[in-house]
Amino acid sequence: MPELVLVIEDEKEIRDLVKYNLERAGFRVATAADGEQGLEAAYSSRPDALVLDLMLPGRNGLEVLRELRSEPATHDLPVVVLTARGAEMDKLLGFEQGADDYLTKPFSPRELVARIKALLRRARPDRAEAVIEVGPLRIDTLARAASFGGEALKLTLREFDLLAFLAHQPGRVFSREELLRKVWGYDYLGETRTVDVHVRRLRVKLGETHRVIETVTGAGYKLASQPASSGG
Ligand code: CA
């Protein structure tokens, strides 16, 4: 499948221009018009690269970048930032926050496509984290397949996403709200029981005695850093 590029840009003309050129170059393209939407899209659609305008309404590009870099799932996402002409400070701050490349407006769409291709070439060999192993738990994020103790798990899309998200940082506790936001997206805020339901189903599929997903009272859930391989 062609690689997916997410474009977060509030100016419609630029968004459309970038989308048009990336699609012509053979990429799939997702777009968002502000920072919140952009974060949601980054978590839900798992893009291969991101084009990020820094001047955005609401949460600006630097804030978006900072959050993406703090999350294991998007920590290594190749990012090209778009800065306004003469905004040298933005460029510096962008790099400080983890931008991989930048273009100053107005830019040539062809140049942008070239930069994206270069970043993806560089990023690919590092994508070894496609397989996550925690004790007997094995998750292949590219094949979207999970197994426990060598036995394949039959998971729904969302169960898989939740398990993979937790497995990126075993031992770290995530609140239900955070899980909703990162795994389901912003729209689901407030329905934290959704998380409980999915955790319950995951536990059944994993074998409840294995204690792979632990409840941390008053805080949320975490993946056990050393899940038991057999619980009898
Ligand atoms: Ca803008």
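Per-chain numbering applies: the sequence of each chain, read as written, is numbered from 1 onward. Only residues with pLDDT of at least 70 are given local features in this predicted model, and only at 80 or more are side-chain atom pairs given and counted; all residues enter the totals for whole chains, interfaces and linings. Processing note: side-chain calculations cover all non-hydrogen atoms of the structure and skip hydrogens and water entirely.

1. Quick look at the environment of Leu82
Working step 1: Position of Leu82 among the secondary structure elements: in strand β4 (residues 79-83).
Working step 2: In this structure the C-alpha to C-alpha distance between Leu82 and Leu54, which are 28 residues apart in sequence, comes to 6.1 Å. Numbering of helices and strands runs from the N terminus; a helix is a DSSP stretch of H or I covering at least four residues, while a strand is a stretch of E covering at least two.

2. A closer look at the UniProt feature "modified residue: 4-aspartylphosphate" (unreviewed entry) in the chain
Working step 1: UniProt positions are given in the numbering used here, feature names are shortened, and annotations may be inferred rather than shown by experiment. Sequence positions flagged by UniProt for "modified residue: 4-aspartylphosphate" (unreviewed entry) are, in local numbering, Asp53.
Working step 2: Position of Asp53 relative to the elements: it lies in strand β3 (residues 49-53).
Working step 3: Categorising residues by exposure relies on relative accessible area from a 1.4 Å probe, with only protein chains included: less than 20% of the type maximum marks a residue as buried, more than 50% marks it as exposed, and the intermediate range marks it as partly exposed. A relative accessible area of 2% places Asp53 in the buried class.
Working step 4: Beyond its immediate chain neighbours, meaning those up to four positions away, Asp53 contacts Ile8, Glu9, Asp10, Gly61, Leu82 and Lys105. Contacts were defined at the residue level, with two residues in contact if any of their heavy atoms lie within 4.5 Å.

3. Let's talk about the sheet that holds strand β1 (residues 4-8)
Whenever strands of a sheet pair, they do so through backbone hydrogen bonds, lying parallel or antiparallel.
Working step 1: Taken together, the 5 strands give an open sheet; going across it, the order is β2-β1-β3-β4-β5, and neighbouring strands pair in parallel fashion. Only two strands of the sheet have a single partner each, and these edge strands are β2 (28-32) and β5 (101-104). Neighbouring strand axes in the sheet, compared pairwise and without regard to direction, differ in orientation by 20 degrees on average.
Working step 2: In this sheet, β5 lies alongside β4 in parallel orientation, the contact comprising 4 bridges. Considered in β5, the bridge of Thr83 is made with Thr104.
Working step 3: Every axis corresponds to a line fitted to the C-alpha atoms, with the helix fit spanning only the stretch in contact, and the corresponding angles, defined between N-to-C directions, vary from 0 to 180 degrees. In the packing of helix α3 (residues 61-70) onto the sheet, the strands contacted are β1, β3 and β4, and the crossing angle to β3 comes to about 150 degrees. In this scheme, strands are said to pair when DSSP sees at least two bridges between them.

4. Re the coordination of the calcium ion
Working step 1: Looking at the calcium ion, one finds its protein donor set to be Asp10 (OD), Asp53 (OD) and Met55 (O), positioned 2.1 to 2.3 Å from the metal centre.
Working step 2: Mapping the donors of the calcium ion onto the primary sequence gives the spacing D-x42-D-x1-M. With Asp10 in the loop between β1 and α1 (12-24) and Asp53 in strand β3, this pair connects stretches of sequence that are 43 residues apart. Metal-coordinating donors are taken as N, O and S atoms lying within 2.8 Å of the metal, or within 3.2 Å when the metal is Na, K or Ca; because water is left out, some sites can appear incomplete.

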